[in-house]
Amino acid sequence: TMSIGLLWLGFTLLGALHTQAQSSTPRLLRAPPLSRIPLQPNFQADQFQGKWYAVGVAGNAIKKEEQDQFKMYTSNYELKEDGSYNVTSILLRDERCDYWIRTFVPSSRPGQFTLGNIRSFPGIRSYTVRVVNTDYNQFAIVYFKKVQRKQGYFKITLYGRTKELTPEVRENFITFAKSLGLTDDHIIFPVPIDRCIDAQ
């Protein structure tokens, strides 16, 4: 029993150290259960493909004060024969164009995806993408959740086929973000730019 006692003591100390380490990093709002995230009914993968502008972004690690530095980016969804997407995001970073390419692999539910080749992304344990709502030709609301080094990050992206969306669509996006516990402090509308994201 002596060794078990020591083992418990060890766990308790580890727990205390862990809690201390955590309190130095900001507490993130917990990601909602996936059951609370709607899924676009009858998802049409071919219609969803193409270029989307990130018109709005909300998430538990996003801060309103970064609004001015947060530039609009694009994501281009290219459907492959196996039903997965090659997704190329283009961002303006440090005065140059950054290309970020990933594969979204379909799950058993149409409109829900996981990250392909996840082992090549250090620290990422799981990654889920779910298309919440889209009309395919104007807007889409997409939910992303990743677990990285024990932290759960989630974000909602409001995509537009153009850089401007109607106030109604923007309001729906805000309402949805707030229904998941996010506040105005977690919601950003990236600054529209032309560089990088219009050159295809």
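All of these numbers come straight from a predicted model, not from anything done at the bench.

Scanning the protein chain for helices and strands turns up three helices and nine strands. Ordered by position in the sequence, the α and β elements of the protein chain form the string α-α-β-β-β-β-β-β-β-β-α-β. For the protein chain, long-range pairs separated by at least 24 residues make up 58% of all intrachain contacts whose partners lie at least 6 apart in sequence. As presented, the protein chain carries roughly 11800 Å² of accessible surface, and 54% of it is formed by carbon and sulfur atoms.

Next up on the list: the pairing of strand S6 (residues 124-134). In terms of burial, S6 is a largely internal element, eight of the 11 residues being buried. Where strand S5 (residues 112-115) meets S6, three bridges bridge the pair, whose relative direction is antiparallel. Among the inter-strand pairings, Phe113 is bridged to a residue of S6, identified as Val129. Here S6 runs beside strand S7 (residues 139-148); their pairing, made up of nine bridges, is antiparallel. Each residue of the ladder has a partner; that of Arg130, found in S7, is Tyr143.

Let's shift gears to the state of the cysteines. Tallied over the full model, the rule gives one disulfide. Residue Cys97 pairs covalently with Cys196 via a disulfide, S to S 2.1 Å. Residues Cys97 and Cys196 share a disulfide whose torsion about the S-S bond is about -90°; that sign makes it left-handed. Of this pair, Cys97 sits in strand S4 (residues 96-106) while Cys196 sits in the segment after strand S9 (187-188), and the two are 99 residues apart along the sequence. A relative accessible area of 32% means that Cys97 is categorised as partly exposed.

What counts, and where the lines are drawn
- Residues numbered from 1 in each chain as written.
- Predicted model: local features only at pLDDT ≥ 70, side-chain atom pairs only at ≥ 80, totals over all residues.
- Heavy atoms only, no water.
- Helix = DSSP H or I, 4+ residues; strand = E, 2+ residues; numbered from the N terminus.
- Contact = heavy atoms within 4.5 Å.
- Areas by Shrake-Rupley, 256 points an atom, 1.4 Å probe, with all protein chains shown as cover.
- Buried < 20%, exposed > 50% of the residue type's maximum accessible area, 1.4 Å probe, protein only.
- Pairing = 2+ DSSP bridges.
- Disulfide = S-S within 2.5 Å.

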